[in-house]
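Chain by chain, the residues:
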Amino acid sequence: MIYRRSGRSGLLLPVLSVGLWQRFGGDAPSDENRAILRRAFELGVTHFDLANNYGPPYGSAESNFGRMLKTDLAGHRDELVISTKAGWDMWPGPYGDWGSRKYLLASLDQSLGRMGLDYVDVFYHHRPDPETPLEETMGALATAIHQGKALYVGISQYQPAATREASAILKGMGIHLLIHQPVYSMLNRWIEPELLDVLEQEGVGCIAFSPLAQGMLTDRYLQGVPAGSRATQGYSLNSETVSQNMERVRALNEIARRRGQKLSQMALAWVMRDPRVTSAVVGVSSVIQLEENLGAIDNIRFTLEELGDIDRITR
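In this report, the structure presented in the accompanying data block is examined. (Residues numbered from 1 in each chain as written. Predicted model: local features only at pLDDT ≥ 70, side-chain atom pairs only at ≥ 80, totals over all residues. Heavy atoms only, no water.)

## Regarding a nonpolar patch on the surface
Here is step 1 of the chain: On the surface, Met1, Tyr3 and Leu12 cluster together to form a nonpolar patch covering roughly 250 Å² of accessible area.
Here is step 2 of the chain: The exposure class assigned to Leu12 is partly exposed, which follows from its relative accessible area of 39%. (Patch = residues over 30% accessible without salt bridge, like charges linked within 9 Å, V, L, I, M, F, W, Y side chains within 5 Å. Areas by Shrake-Rupley, 256 points an atom, 1.4 Å probe, with all protein chains shown as cover. Salt bridge = Lys/Arg side-chain N within 4 Å of Asp/Glu carboxyl O. Buried < 20%, exposed > 50% of the residue type's maximum accessible area, 1.4 Å probe, protein only.)

## What to know about the sheet that holds strand β5 (residues 81-86)
Here is step 1 of the chain: Taken in spatial order, the eight strands of this closed barrel run β3-β4-β5-β6-β7-β8-β9-β10, and their pairing is parallel. Strand-to-strand twist of the sheet, defined as the mean angle between neighbouring strand axes without regard to direction, takes the value 30°.
Here is step 2 of the chain: Examined bridge by bridge, β5 and strand β6 (residues 120-125) share four bridges and lie parallel to one another. Paired with Thr84 across the two strands is Phe123, which belongs to β6.
Here is step 3 of the chain: The strands that helix α6 (residues 195-202) touches are β8 (177-181), β9 (205-209) and β10 (277-282); relative to β9, the one it contacts most, it runs at about 145°. (Pairing = 2+ DSSP bridges. Helix = DSSP H or I, 4+ residues; strand = E, 2+ residues; numbered from the N terminus. Axes fitted to C-alpha atoms, helices over the stretch in contact; angles between N-to-C directions. Contact = heavy atoms within 4.5 Å.)

## Focus: the packing of helix α1 (residues 31-42) against helix α9 (residues 287-294)
Here is step 1 of the chain: For the pair α1 and α9, interaxial distance at closest approach is 9 Å and the crossing angle is 30°. As the angle between them shows, α1 and α9 are arranged roughly parallel. As α1 runs across α9, the sense of the crossing is right-handed. Taken together, the residues of α9 that come into contact with α1 (itself represented by Glu32, Ala35, Ile36, Arg39 and Ala40) are Val287, Leu290 and Glu291.
Here is step 2 of the chain: A breakdown of the residues in the contact of α1 with α9 according to their chemical character gives five nonpolar, no polar and three charged. (Parallel < 35°, antiparallel > 145°, perpendicular 65-115°, else oblique. Left-handed = near helix turned anticlockwise from the far one by under 90°. Nonpolar A, V, L, I, M, F, W, Y, C, P; charged D, E, K, R; others polar.)

## A closer look at the pairing of strand β3 (residues 16-19)
Here is step 1 of the chain: Along β3, one buried face is formed by Leu16 and Val18 and the opposite face, lined by Ser17 and Gly19, is buried too.
Here is step 2 of the chain: Relative to β10, β3 is paired through three bridges, and the arrangement is parallel. Within β10, the position partnered with Val18 by the bridge is Val282.
Here is step 3 of the chain: Pairing analysis gives two bridges linking β3 to strand β4 (residues 47-49), with the strands arranged parallel. Its bridge partner lying in β4, Gly19 is registered against Asp49.
Here is step 4 of the chain: At this point the chain moves from β3, through α1, to the parallel β4, and the crossover so formed is right-handed. (Right-handed = clockwise from strand over helix to strand, strands pointing away.)

## What about the nonpolar core?
Nonpolar side chains in soluble globular proteins generally cluster together in the buried interior.
Here is step 1 of the chain: If you look at the biggest cluster of nonpolar residues, it comprises 91 residues, and the most contacted ones within it are Phe48, Phe65, Phe123, Met138, Leu217, Leu252 and Met266.
Here is step 2 of the chain: For this core, the element with the highest residue contribution is helix α8 (residues 263-272), accounting for eight residues.
Here is step 3 of the chain: Beyond its immediate chain neighbours, meaning those up to four positions away, Leu252 contacts Met186, Leu187, Leu217, Leu263, Met266, Ile310, Ile313 and Thr314.
Here is step 4 of the chain: Judged by nonpolar contacts, the second largest core, of nine residues, contains Leu13, Tyr124, Leu178 and Ile179. (Core = buried A, V, L, I, M, F, W, Y, C linked by side-chain atoms within 4.5 Å.)

## Let's talk about the side chain of Asp129
Here is step 1 of the chain: Among the structural elements, Asp129 can be located in the loop between β6 and α4 (134-146).
Here is step 2 of the chain: Among buried charged residues, Asp129 stands out as having no salt bridge; its nearest opposite-charge side chain is Arg127, 7.6 Å away.
Here is step 3 of the chain: A distance of 2.9 Å separates a polar side-chain atom of Asp129 from the backbone nitrogen of Gly99.
Here is step 4 of the chain: A polar contact of 2.9 Å, which involves the side chain of Asp129, links it to the backbone nitrogen of Glu131.
Here is step 5 of the chain: The contact partners of Asp129, leaving out residues within four places of it in the chain, are Trp98, Gly99 and Ser100. (Lys, Arg positive; Asp, Glu negative; His and termini not counted. Polar contact = N/O pair within 3.5 Å; in protein donor to acceptor, adjacent residues only side chain to side chain.)

Encoded structure:
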């Protein structure tokens, strides 16, 4: 495994982290879930990424992860970086969504209870709140650190100006913004024109989510949309989006083939090509898929010609 420092901090993260967004919910962890976490840890994945509403149902991914911490990963807490988030809808009424102090701190307490932890390593605000003052939201993150319930804090999907402002507010409280989690892939390059520069200037790490574009940057859709795939479920990907991108995806697959990689491996390697990207979060449904994704680490260098070809396809 390759580890990178998160911005100007002392924390090293694996270049590939495992996210528990969609396949780790339910009443109890499946045998496959448990095998994935054990194998990931064996291969050097020390960071597991969660949020309060991961499941389904909401909260169940954290509950299941907590069970696996007590069994499959017992005794390894100090070798792990565990992150969670709050900011999307979690419970009914006016206090279970967005970025108020009341919601964030209540949600963190609930997350700790579900996972059976005294603290998380990283607590994120999951999305910008257009109504709550940023000082209140960042103040809640600072309180989480002061209470000893989080070691570091992060933000997700903030635009460049708001990221700089959030960093400044936290600095004024004596706290460094550790990391920003934006969506980033070859098919969604929005962070390149400005955000990555802001993060570098502020000393903030970057951890990309959806680096495989919800599965489009894999071989799953190269021959069309298969029955039972994520695109047929209408949750975070649909058949129309797949169809709109497939010409580009097939062209990218040809570059991956020439590199001796699967498309998914090249897509992950491409995200890692920029040293300002600390890590990328991958969601996996099997040990085989996990090992395949981690194989991206074997070849993360690109020639100028390859990068130029990818730019022509994706920009």
